[in-house]
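# Architecture at a glance
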Amino acid sequence: MRKNKYPYFSKNFLWGGAQAASQADGAYQEDGKGLNSSDVQPYLKGLSNAEIQKIETEGMTVEQVKKNSEDTTDYYPKRFGIDFYHTYKEDVKLLADAGFKTFRTSLDWSRIFPNGDDEKPNEAALKHYDEMIDYMIKLGIEPIITMNHYETPINITLKYGGWPNKAVIPMFEKFGKVLLDRFGDRVKYWIVVNQINMVQIEPWLSVGVASDQYDNMQEALYQAMHNQFVAAAAIQKYAKSLHNPNLHIGTMVADGTVYPASSKPDDIVLAMQQNRMQYFVTDVQFRGEYPKFALNYFADNDIHLETTEEELKLIKDNPMDFLAISYYYSKMVDSTKNEMQPADTSDNPNLKQSDWGWAVDPQGLYNSLSQYYDRYQKPIIIAENGFGAYDKLEDNHEVHDQYRSDYLRAHIEQVGRAIHDGADVIAYCAWGPIDIVSCSSQQMSKRYGFIYVDLDDEGKGSGKRYLKDSYNWYKNVISSNGAEI
């Protein structure tokens, strides 16, 4: 441990961690749960990390979705997760023992409305989440709840074509209202959609669209995002109607800020344009309207969104209360290699990378927090930040993961720096405090946690939990309120 150069965290700062029900809960055949978009992703055995990432980005065809939905032969890791559905008391107690002030997780849409278009919610699921939230609060942990973290019911894909269909908006609005009615007296912070801007990187998980469902896929994806804007605004409108001053409705983005590859004007302008198309998402949800540069981008790329005056007014009148961001790495753009497309970026040769090719750039977090706060002056929750690595469980059940503490230490210091310069950051949620199934690769071997879960990529193992060295390191960070890192 060492002293933090920027120990500027408020006394009420929420230190904690984050996960998703889709990666942790398991129990996919219990209490009436339906299949969701994560449940049909098989483990791709024998492929490299790069090959797995390419396949996941490309997504699945309708036929593959149907086949995988019925398949019981291959291994689908997210159907089983780490069995958090049954072990949450044991797991949350470990987090409380580390001093966690907050824990972010999701309430599985496909468990509460198994088909998405069900008339009534599944009471067994609501009862389970009642008990989980009550237990968190009992242990002094503030829940931060995501309404949809890659858990779109499969029926919405197969019957409605996913989020590009406006028929999905009232279904999700209904789901959001059920959550606020049931849990709004205990949950203050709600993230409507996880990483709402990830449609270009993870279209299948983000909006439940199969790769062959639309001729103009880019148009469909932006339409899906628009429909999520509308749903979020409708949920915010309903939240305000409840007259509960403790309810805070927020949006979340995956940080995609890029640097220019050089001081060449072409590189600088391309980086600016790329970044503006990242900010347009939050411009809509905080400023209430589509910026002109985004409308120009749509026109230049044959993207024609179906919007109504009523929808645009709803968005305008119901901005989000806070911004949640996930931050793992930064990228850059080179005007001789990259074009004006949101996902067209290059690796930065000045930065080291993880085993999954993610650049380690702590100052990128300071940059992003500062840019977002300067632009909107809204409270910020760091909803995800972490380091995926291959961990070794020693014979004595110890895990020596100094690399994880080093990564988080450097990033936490930059959070304090951003706060010192004026950013209103209210929470820090380390991603995956308990090892869970990787979102992007379906691997257990890509571990983020402070707590080791004895399961391998094929679901074999005891499932027992063991504390890593980073657990005690983070415990001290929390007890010192970030003064010692």
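I will try to describe carefully the structure that is included in this document.

Rules used in this analysis
Numbers given to residues run from 1 along each chain, matching the order in which its sequence is written. Only residues with pLDDT of at least 70 get local features here, since the model is predicted, and only at 80 or more are side-chain atom pairs given and counted; chain-wide, interface and lining totals rely on the full set of residues. Hydrogens and water are ignored here; the side-chain numbers use all heavy atoms of the structure. To qualify as a helix, a DSSP run of H or I must reach at least 4 residues; to qualify as a strand, a run of E must reach at least 2; elements of each kind are numbered from the N terminus. Note that the radius of gyration is over C-alpha atoms, with the globule rule given as 2.2 Å times the number of residues to the power 0.38. Each residue is placed in one exposure class: buried if its accessible area under a 1.4 Å probe, protein chains only, is under 20% of its type's maximum, exposed if it is over 50%, and partly exposed if it falls in between. Pairing between strands requires that DSSP locate at least two bridges from one strand to the other. Note on geometry: axes are lines fitted to C-alpha atoms, helical ones only across the stretch in contact, with angles between N-to-C directions running from 0 to 180 degrees. Working rule for contacts: check all heavy atoms of both residues, and any pair within 4.5 Å makes them a contact. An expected span of 1.5 Å times one less than the residue number is assigned to each helix. With the far helix as reference, a near helix turned anticlockwise by less than a right angle produces a left-handed crossing, and one turned clockwise produces a right-handed crossing. Gly counts as polar in this scheme, as do all residues outside two lists: the nonpolar Ala, Val, Leu, Ile, Met, Phe, Trp, Tyr, Cys and Pro, and the charged Asp, Glu, Lys and Arg. In summary, the pairing rule links any two rings of Phe, Tyr or Trp, Trp by its six-membered ring, whose centres are within 6.5 Å, and it sorts them by plane angle into stacked for under 30 degrees, edge-to-face for over 60 and tilted for everything else. Working rule for angles: under 35 degrees goes down as roughly parallel, over 145 as roughly antiparallel, 65 to 115 as roughly perpendicular, anything else as oblique.

Turning our eyes to something else, we now look at the overall build of the protein. Each helix and strand counted, the protein has 16 helices and twelve strands in total. Against the compact-globule benchmark of 23 Å for 485 residues, the protein has a radius of gyration of 21 Å, which places it among compact chains. Counting only C-alpha atoms and orienting by the principal axes, one finds that the protein spans roughly 60 × 55 × 50 Å. In the protein, which comprises 485 residues, the share counted as buried stands at 60%.

Strand order in the closed barrel formed by eight strands is E1-E2-E3-E4-E5-E7-E9-E10, and the pairing between neighbours is parallel. On average, each strand axis in the sheet is tilted by 25° relative to the strand beside it, whichever way the strands run. Packing of helix H15 (residues 402-420) onto the sheet brings it into contact with strand E1 (14-18), strand E9 (380-384) and strand E10 (425-431), and relative to E10 it is tilted by some 170°.

With 15 residues, helix H14 (residues 362-376) extends 22 Å between its outermost C-alpha atoms, agreeing within 8% with the 21 Å of an ideal straight helix rising 1.5 Å per residue. Phi for Gln377, located one or two positions after H14, is positive at around 50°.

Before going further, it helps to examine the environment of Met171. Note that Met171 resides in helix H8 (residues 168-183). Exposure remark for Met171: the relative accessible area of 12% places this residue in the buried category. Note: C-alpha distance between Met171 and Ile154 (17 residues apart in sequence) is 14 Å.

Turning next to the packing of helix H11 (residues 265-287) against H14. The geometry of H11 relative to H14 is characterised by a closest axis approach of 11 Å and an angle of 35° between their N-to-C directions. The element H11 and its partner H14 pack so that their crossing is right-handed. Where H11 abuts H14, its residues Tyr279, Thr282, Asp283, Phe286 and Arg287 lie against Gln371, Tyr372, Arg375 and Tyr376. Class assignment for the residues of the contact of H11 with H14 results in four nonpolar, two polar and three charged.

Turning to the packing of aromatic side chains, a few remarks are in order. Within the structure shown, the criterion is met by 36 aromatic pairs. Plain terms: the ring middles of Trp109 and Trp163 are 6.1 Å apart, the flat faces sit at 55° to each other, and that makes the pair tilted. One end of the pair, Trp109, is in helix H5 (residues 109-112); the other, Trp163, is in the loop between helix H7 (154-160) and H8, and 54 residues separate them in sequence. Each member of the pair, Trp109 as well as Trp163, is classed as buried. Members of the aromatic cluster, joined through ring pairs, are Tyr222, Phe229, Phe280, Tyr290, Tyr297 and Phe298.

Inspection of the secondary structure puts Lys264 in the loop between strand E6 (258-260) and H11. For Lys264, a relative accessible area of 41% puts it in the partly exposed group. Between the C-alpha atoms of Lys264 and Asn122, which are 142 residues apart in sequence, the distance is 57 Å.

Viewed as axis vectors pointing N to C, helix H10 (residues 217-241) and helix H13 (residues 309-317) meet at an angle of 55°, and their least axial separation amounts to 9 Å. Considered as vectors, H10 and H13 are oriented oblique to each other. Handedness of the H10/H13 crossing: left-handed. Packed against H10, whose contacting residues are His226, Phe229, Val230, Ala233, Ala234, Lys237 and Lys240, the element H13 presents Glu311, Leu312, Leu314, Ile315 and Asp317 at the interface. In terms of residue class, the contact of H10 with H13 is built from seven nonpolar, one polar and four charged.

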